[in-house]
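# A structural walkthrough
As a plain string of letters, each chain reads:
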Protein chains: 2
Amino acid sequence: MTMISKNQLKLLRALGQKKQRKAHGLFLVEGEKNVLELVHTSLSVRQIFATSEFLTKHLEELKGFECIEASLDELTKASSLVSNNAAVAVVEIPETQAPEAKGMMIALDGVSDPGNLGTIIRIADWYGIKHIVASTDCADPYNPKTIRATMGSFGRVQVTLLDLPAYLQQSALPVYGAFLEGENVHKTQFSAQGILLMGSESHGVRPEAKQYVTDKITIPAFGGAESLNVAMATGIILDNFRRQHSEC
Amino acid sequence: MTMISKNQLKLLRALGQKKQRKAHGLFLVEGEKNVLELVHTSLSVRQIFATSEFLTKHLEELKGFECIEASLDELTKASSLVSNNAAVAVVEIPETQAPEAKGMMIALDGVSDPGNLGTIIRIADWYGIKHIVASTDCADPYNPKTIRATMGSFGRVQVTLLDLPAYLQQSALPVYGAFLEGENVHKTQFSAQGILLMGSESHGVRPEAKQYVTDKITIPAFGGAESLNVAMATGIILDNFRRQHSEC
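Residues numbered from 1 in each chain as written. Chains lettered and ligands numbered in written order. Predicted model: local features only at pLDDT ≥ 70, side-chain atom pairs only at ≥ 80, totals over all residues. Heavy atoms only, no water.

The next subject is the overall build of chain A. Per the secondary structure count, chain A includes 10 helices and 11 strands. Against the 2.2 N^0.38 benchmark of 18 Å for 248 residues, chain A shows a C-alpha radius of gyration of 20 Å, consistent with a compact globule. For chain A, the spread of C-alpha atoms along the three principal axes comes to 60 × 35 × 30 Å. Here chain A holds 248 residues, and 54% of them are scored as buried. Counting only contacts in chain A whose residues sit at least 6 apart along the sequence, the fraction spanning at least 24 positions is 76%. Approximately 11200 Å² of chain A is accessible, and the part contributed by carbon and sulfur atoms is 49%. (Helix = DSSP H or I, 4+ residues; strand = E, 2+ residues; numbered from the N terminus. Rg over C-alpha atoms; globule rule 2.2 N^0.38 Å. Buried < 20%, exposed > 50% of the residue type's maximum accessible area, 1.4 Å probe, protein only. Contact = heavy atoms within 4.5 Å. Areas by Shrake-Rupley, 256 points an atom, 1.4 Å probe, with all protein chains shown as cover.)

Here it is, written out as structure tokens:
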């Protein structure tokens, strides 16, 4: 077991920035639960930096990984987590291709908050959705805040940033778009395959993507709230979909 | 229109702390949307501190309120919001009594994150739930982070911190508790009135409250995620309830 170097600490800090992640082709996986989740993924892990306590506790699981010891203080300072961070991994950003449009998928238009994107990845994983396609101005799927909010689901859901209108245009699947004037999801007959298109909380789905919506749907409101958080709305619609189609 | 004083700025900063809120019987409502929401509530507003731009723009709506001008810089520094904050109101904490157990209600056991509590208040409001009862170790409903996450719903949903096991014991309503081993919510026949009991993400519902659960329910999982965020789970269960019972 070697100790963390100044250059390594510098790299950890640098990878908090999108530009640096792109330049290095690397991203950070922070927090104990997320780091341990890496064992079950096919992602290429460069190094795992962790406290001696964490490394000792998970010796068996971490066999085959390059592990480097660091103090809790060093790791917390280097990471974007505010509280104690016992483990950080440096992982290669995988090369992804636009997924074939099949099964149930999620499409995101301008969802720029990394926390929301991470929460959507987590709820997608809960409902067995494997692919999210997102407009290029969505939050970076490799932002540490996104990864953290996925609570380990980042390894099971592929997020691809792409030209969203072009993707929707070439897809033969129905596109379900969430709009206030849409059909009540409690009455909607969902098809077994389709794309659920969600817009940002502030702007909604923009016209360039909206033109490909085949089915407008809405979550019925019973009280005074004017809107729902985009991740919450995604979860509720997926639940309504899965009630009718349980095969993933 | 008067300008903000040093003592007033000091009060705004102080009200970020629970102890000070309790001592003064006051809380903060931050952000333009939340402050404008106050017009529609019966809450007693002491003062509204806002930029001259905000005050000019909303002159009509804010008639009858004591408005005090402050710079964007002063307001942002004094508030807990990281980004620009054009308006902050100082509001009296209302005296509340434990609500009568009727209709559909939410009970929270140990939900200590203010953001989660705020998001639950917002989704409760969406589904027309008027009352949340919460164990005394739940997040403070008057924490600025809670208020902010409600996105204006704080004025329509009453949250009462109380002795939760005692409350559940005296209630004659069915208590629906979310547990992994519960009945699939897609198959559950909900009664028109009931209490939805949710625990914290880390500890779940504790035994003291769990003993009063009459119906264990669960949200079916289809993928790899191990858990759902408590606010997300609350929203999905409320949607399943409202599908059967649309009267508020």
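Still more to cover.
Bringing the relation of the copies chain B and chain A into the picture now. For the pair chain B and chain A, the relating rotation is 180°, the translation along its axis is 0.0 Å, and the fit reaches an RMSD of 0.0 Å. Such a turn and shift between the copies fits a two-fold axis. The residues that chain B uses at the interface reappear at the interface of chain A in 100% of cases, marking a shared surface. (Least-squares fit on C-alpha atoms with pLDDT ≥ 70 in both.)

Here we take up the pattern of salt bridges. Think of it this way: side chains of opposite charge can pair up when their charged atoms draw near. In this structure the tally under the stated criterion is 22 salt bridges over all chains. Notably, a salt bridge pairs aspartate 109 of chain B with arginine 206 of chain B, separated by 2.6 Å at the nearest N-O pair. Of this pair, aspartate 109 of chain B sits in strand β6 (residues 104-109) while arginine 206 of chain B is found in the loop between β10 (194-199) and α9 (207-210), placing the two residues 97 residues apart along the sequence. A relative accessible area of 28% places arginine 206 of chain B in the partly exposed class. Aspartate 137 of chain B is the salt-bridge partner of arginine 206 of chain B, the closest N and O atoms lying 2.7 Å from each other. Linking arginine 206 of chain B in the loop between β10 and α9 with aspartate 137 of chain B in the loop between β7 (131-135) and α7 (144-149), this pair joins segments that are 69 residues apart in sequence. Because the salt bridges share partners, they merge into one network encompassing Glu37, Asp125 and Arg156 of chain A. (Salt bridge = Lys/Arg side-chain N within 4 Å of Asp/Glu carboxyl O.)

Below, the discussion takes up the UniProt feature "domain: tRNA/rRNA methyltransferase SpoU type" (unreviewed entry) in chain A. When the UniProt feature table is mapped onto this chain, "domain: tRNA/rRNA methyltransferase SpoU type" (unreviewed entry) is found at residues 104-238 of chain A. The span residues 104-238 of chain A carries 29% helix and 27% strand; its end-to-end C-alpha distance comes to 9 Å. (UniProt positions renumbered as here; feature names shortened; annotations may be inferred.)

For the rest of this paragraph, the subject is the side chain of histidine 245 of chain B. All names here are of chain B. Following the sequence through the fold, histidine 245 ends up in the segment after α10 (230-244). A residue is classified by how much of its surface remains accessible, and histidine 245, at 12% relative accessible area, is buried. Discounting residues that sit within four places of it in the chain, histidine 245 has contacts with Phe190, Ser191 and Ala192.

Below, the discussion takes up the sheet that holds β6 of chain B. Note: strands within a sheet are paired through backbone hydrogen bonds, in either parallel or antiparallel orientation. Residue and element names in this part refer to chain B. The sheet built from six strands is open, its strands ordered β8-β7-β6-β10-β9-β11 with parallel pairing. Two strands bound the open sheet, and with one partner strand each, they are β8 (158-162) and β11 (215-218). Mean inter-strand twist for the sheet, computed between neighbouring axes without regard to direction, equals 35°. Bridge analysis of β6 against β10 gives six bridges, and the strand direction is parallel. Each bridged residue has a counterpart across the sheet, and for methionine 104 the counterpart in β10 is glycine 194. The strands that helix α6 (residues 114-126) touches are β6, β7 and β8; relative to β6, the one it contacts most, it runs at about 170°. Across the sheet, α10 lies against β6, β9 (175-184), β10 and β11, angled at about 160° from β10, the strand it touches most. (Pairing = 2+ DSSP bridges. Axes fitted to C-alpha atoms, helices over the stretch in contact; angles between N-to-C directions.)

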